[in-house]
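Working through the structure, step by step
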Amino acid sequence: MSAVKLAGIRKSFGDNEIVKGVDLEIHTGEFLVMVGPSGCGKTTLLRLIAGLEQCDAGEISFDGQRVNEVPPRDRDVGMVFQSYALYPHLTVRENLAFGLMLRKLPPAEITTRVNEAAALLELSALLDRKPKALSGGQRQRVAMGRVIVRRPKLFLFDEPLSNLDTSLRVAMRGELARLHRRLGVTMLYVTHDQVEAMTLASRVAVFNEGVLQQLGPPLELYHRPANRFVATFLGSPSMNILPARRDGALLKGEGFTLPAPAEAAGELLVGLRPQELRIGAEGPFSGEIEAVERLGFDGFAFLKTAAGPLVARFEGLVEVGQTVRVQPLGDATHLFTPDGTKALRHPPAERKA
Ligand code: ATP
């Protein structure tokens, strides 16, 4: 049975439909990450699951039980937000205990839970400090601890790391993954950061404009994107998309030809990941380097070609202004319908290490 099941969920604010018929099942114990651009309705979906908003249509169930009419406090859900408010005049220990005291748990039980959560989050040495004497990451861990002590069966995270600086984000990402393994609970996590999605998720749900675009394990979405949106949203730099048409045994675009895969017919969009393209003396693409993103010895070059912008990997010396050729590494061709709504083909799986 799924921990959470969404069936035909719709939600509008005024005339604006924000969630447009979402079906989604979240398995018990999984770490599901909902990802998508700003404004695509991720937070709204989370708030609907928590019961902070009511849906206009559809059914939300937890463990097979409809919860649409269940008030938030009875849904057994713990939510961690981007901006967390700790009580500044209370110590870490008191901040952690506060919600449990309101719920009138026995003092011994409160102490046990606070100590357990503090140990899990490595806050044991900080229990007597006030929030102002903590770093941003430590404060975020206290905010998480306040949810953990309640022992909810479902954790909802709304961009919990987006206020932290880069190194702290990386560290907290690791801690979250560890926390999930140790607690074994169901976690639903919202972010617009694709690195967080790819790193944390057992499955990723990609949303755009209130519609679920694709759901699956991170690498499956990366290698087999269902449409142009998913293909260009996941992966950095973004997948190159070039218009082309089939002509006999060839795919022809503006200034390039590639071998036509069997699935190609008529007008198409060709998708090529920058990681699968190499700059050199040969290849079907030719263009001028407009910008270089050097990572060290290698990096990515941003080219202007007859077919449009193209990003490709380079090794060694390249310079802005240089005219170069670009070669795909073997069969790297994704194909999409001209409107981008459907993938027609992905490169063979055996190339994917
Ligand atoms: P972000 O990553 O920016 O938080 P999101 O995908 O989480 O984006 P939502 O917060 O779900 O997006 O908002 C989706 C849209 O719904 C936005 O255009 C927002 O302005 C609108 N919206 C959200 N809540 C309300 C509300 N209570 N009343 C009116 N409009 C709202």
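Conventions used here
- Residues numbered from 1 in each chain as written.
- Predicted model: local features only at pLDDT ≥ 70, side-chain atom pairs only at ≥ 80, totals over all residues.
- Heavy atoms only, no water.
- Near = heavy atom within 4 Å.
- Polar contact = N/O pair within 3.5 Å; in protein donor to acceptor, adjacent residues only side chain to side chain.
- Areas by Shrake-Rupley, 256 points an atom, 1.4 Å probe, with all protein chains shown as cover.
- Helix = DSSP H or I, 4+ residues; strand = E, 2+ residues; numbered from the N terminus.
- Nonpolar A, V, L, I, M, F, W, Y, C, P; charged D, E, K, R; others polar.
- Domains from an automatic or database assignment.
- Contact = heavy atoms within 4.5 Å.
- Buried area = accessible area lost by both parts, 1.4 Å probe.
- Salt bridge = Lys/Arg side-chain N within 4 Å of Asp/Glu carboxyl O.
- Pairing = 2+ DSSP bridges.
- Axes fitted to C-alpha atoms, helices over the stretch in contact; angles between N-to-C directions.
- Expected span 1.5 Å × (residues − 1).
- Buried < 20%, exposed > 50% of the residue type's maximum accessible area, 1.4 Å probe, protein only.
- Arc of directions from axis to C-beta.
- Parallel < 35°, antiparallel > 145°, perpendicular 65-115°, else oblique.
- Left-handed = near helix turned anticlockwise from the far one by under 90°.

**Quick notes on the site of the ligand**
Within the structure, the ligand sits among Phe13, Ile18, Pro37, Ser38, Gly39, Cys40, Gly41, Lys42, Thr43, Thr44 and Glu159. Lys42 places a main-chain nitrogen or oxygen 3.0 Å from an oxygen atom of the ligand. At 3.4 Å from an oxygen atom of the ligand is found a side-chain nitrogen or oxygen belonging to Glu159. Here the ligand has 640 Å² of accessible area as a free molecule, and 57% of this is covered by the chains. Among the elements that line the shell around the ligand, the one with the most residues is helix α1 (residues 42-50), at three residues. Looking at the shell around the ligand residue by residue, the class counts come to four nonpolar, five polar and two charged.

**Details of the domain arrangement of the chain**
Domain boundaries assigned for the chain yield domain 1 (4-228) and domain 2 (239-352). Each of domain 1 and domain 2 was reduced to a C-alpha centroid, and the two centroids are 38 Å apart. On the domain 2 side, the residues contacting the seven residues of domain 1 number 13 residues. When the two sides are added together, the surface that domain 1 and domain 2 hide from each other amounts to roughly 870 Å², 57% of it contributed by carbon and sulfur. Sorting the residues of domain 1 by area buried against domain 2 places Tyr222, His223 and Arg228 first, and these three jointly supply 60% of that buried surface. Across the domain 1-domain 2 interface, the total number found is zero salt bridges. On inspection of domain 1 and its partner domain 2, the count reaches four residue pairs in polar contact (both at pLDDT 80 or more). Partitioning the side of domain 1 that touches domain 2 into residue classes produces three nonpolar, two polar and two charged.

**As for the sheet that holds strand β5 (residues 65-66)**
What holds strands together in a sheet is hydrogen bonding between their backbones, with the strands either parallel or antiparallel. A sheet is described by the order of its strands in space; here four strands give the open sequence β2-β1-β4-β5, paired in antiparallel fashion. Edge strands, defined here as strands with exactly one partner in the open sheet, are β2 (16-27) and β5. Strand direction decides the pairing type here: strand β1 (residues 2-13) and strand β4 (residues 57-62), joined by five bridges, are antiparallel. Across the sheet, residue Ala7 finds its bridge partner in β4, namely Glu59. In this fold α1 packs onto β1, β2 and β4, with an angle of close to 120 degrees to the strand it touches most, β1.

**Focus on helix α5 (residues 166-183)**
The first and last C-alpha atoms of α5 sit 26 Å apart over 18 residues, in line with the 26 Å expected at 1.5 Å per residue. Those residues of α5 not exposed but buried are Arg169, Met172, Arg173, Leu176, Leu179 and His180. Looking straight down α5, one finds its buried side chains confined to an arc of 130 degrees; they lie on one side. Projecting away from the buried face of α5 at angles above 90 degrees are the exposed residues Ser167, Arg181 and Arg182. In this structure, the buried residues of α5 make contact with β3 (31-35), α3 (107-120), α4 (136-148), β7 (154-158), β8 (186-191) and α6 (194-200). Following α5 by one or two positions, Gly184 has its phi on the positive side, about 65 degrees.

**Notes on the packing of helix α2 (residues 92-102) against α4**
Relative placement of two packed helices is described by the angle separating their axes and the distance separating the axes. Closest axis-to-axis distance for the α2/α4 pair is 8 Å, and the angle between their directions is 30 degrees. In terms of orientation, α2 and α4 fall into the roughly parallel class. In this structure, the crossing between α2 and α4 has a hand that is right-handed. In this structure, α2 contributes Val92, Asn95 and Leu96 to the contact, and α4 contributes Val142, Gly145 and Arg146. For the contact of α2 with α4, the per-class residue count stands at three nonpolar, two polar and one charged.

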